[in-house]
Amino acid sequence: MTKFITKILISALAVVMTSKLLTDVTCEPWYAAILVAVVLSLINVTIKPIVKIFSLPINLITLGLFSLVINGLMVMLCAHFVDAFTIQGTTLSALGTAIIFSVVLSVVNWILHALID
């Protein structure tokens, strides 16, 4: 249980750091990042596998690059559920920002986990 809490707190720190790096993404107040980390992990465990299965043909055609779009859509879904987490822009520009956010979040999360573990 403590390992799960540690991972959520590291992910929350990564969300705060990534939202500070990108101007179109806000996560205020800072402790809302914990809720973002929990919701994003729940989305990644429940909804994302189903979406990946249904998008397998297009994912094969694009040699896996469509996974970036799926990750961006999951971030946008998280922003829909958590009011304190917003992505500015029109639908298409918000999707681009969400894709960039997911990539940067993955890198920051990986670095933080490498430093902690």
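Everything discussed here concerns the structure shown above.
### Concerning the packing of aromatic side chains
Under the counting rule described, the total for this entry stands at two aromatic pairs. Ring centres of Trp30 and Tyr31 lie 5.7 Å apart, and the angle between their planes is 80°; on these two criteria the pair is classed as edge-to-face. Their ring planes at 55° and their centres at 5.4 Å tell us that Phe85 and Phe101 sit as a pair that is tilted. Taken together, the residues span a long stretch of sequence, with Phe85 in strand β2 (residues 85-87) and Phe101 in helix α5 (residues 91-116) at a distance of 16 residues. Each member of the pair, Phe85 as well as Phe101, is classed as buried.

### What to know about the pattern of salt bridges
Using the criterion set out here, one finds one salt bridge in the structure. For Lys20, the salt bridge goes to Glu28, with nearest N and O atoms at 3.0 Å. On the basis of relative accessibility, which here comes to 58%, the residue Lys20 falls in the exposed class. Glu28 sits in the partly exposed class, given a relative accessible area of 46%.

### What to know about the packing of helix α2 (residues 32-54) against helix α4 (residues 66-81)
It is at 9 Å that the axes of α2 and α4 come closest, and there the two elements cross at 135°. What the angle tells us is that α2 and α4 run oblique. Handedness of the crossing formed by α2 with α4: right-handed. From α2, Val36, Val39, Leu40, Ile43, Asn44, Ile47, Lys48, Val51 and Lys52 reach across to α4, where they touch Ser67, Ile70, Asn71, Met74, Val75, Leu77, Cys78 and Phe81. When the residues that make up the contact of α2 with α4 are grouped by side-chain class, the tally is twelve nonpolar, three polar and two charged.

What counts and how
Residues numbered from 1 in each chain as written. Predicted model: local features only at pLDDT ≥ 70, side-chain atom pairs only at ≥ 80, totals over all residues. Heavy atoms only, no water. Phe/Tyr/Trp six-rings, centres within 6.5 Å; stacked < 30°, edge-to-face > 60°. Helix = DSSP H or I, 4+ residues; strand = E, 2+ residues; numbered from the N terminus. Buried < 20%, exposed > 50% of the residue type's maximum accessible area, 1.4 Å probe, protein only. Salt bridge = Lys/Arg side-chain N within 4 Å of Asp/Glu carboxyl O. Axes fitted to C-alpha atoms, helices over the stretch in contact; angles between N-to-C directions. Parallel < 35°, antiparallel > 145°, perpendicular 65-115°, else oblique. Left-handed = near helix turned anticlockwise from the far one by under 90°. Contact = heavy atoms within 4.5 Å. Nonpolar A, V, L, I, M, F, W, Y, C, P; charged D, E, K, R; others polar.

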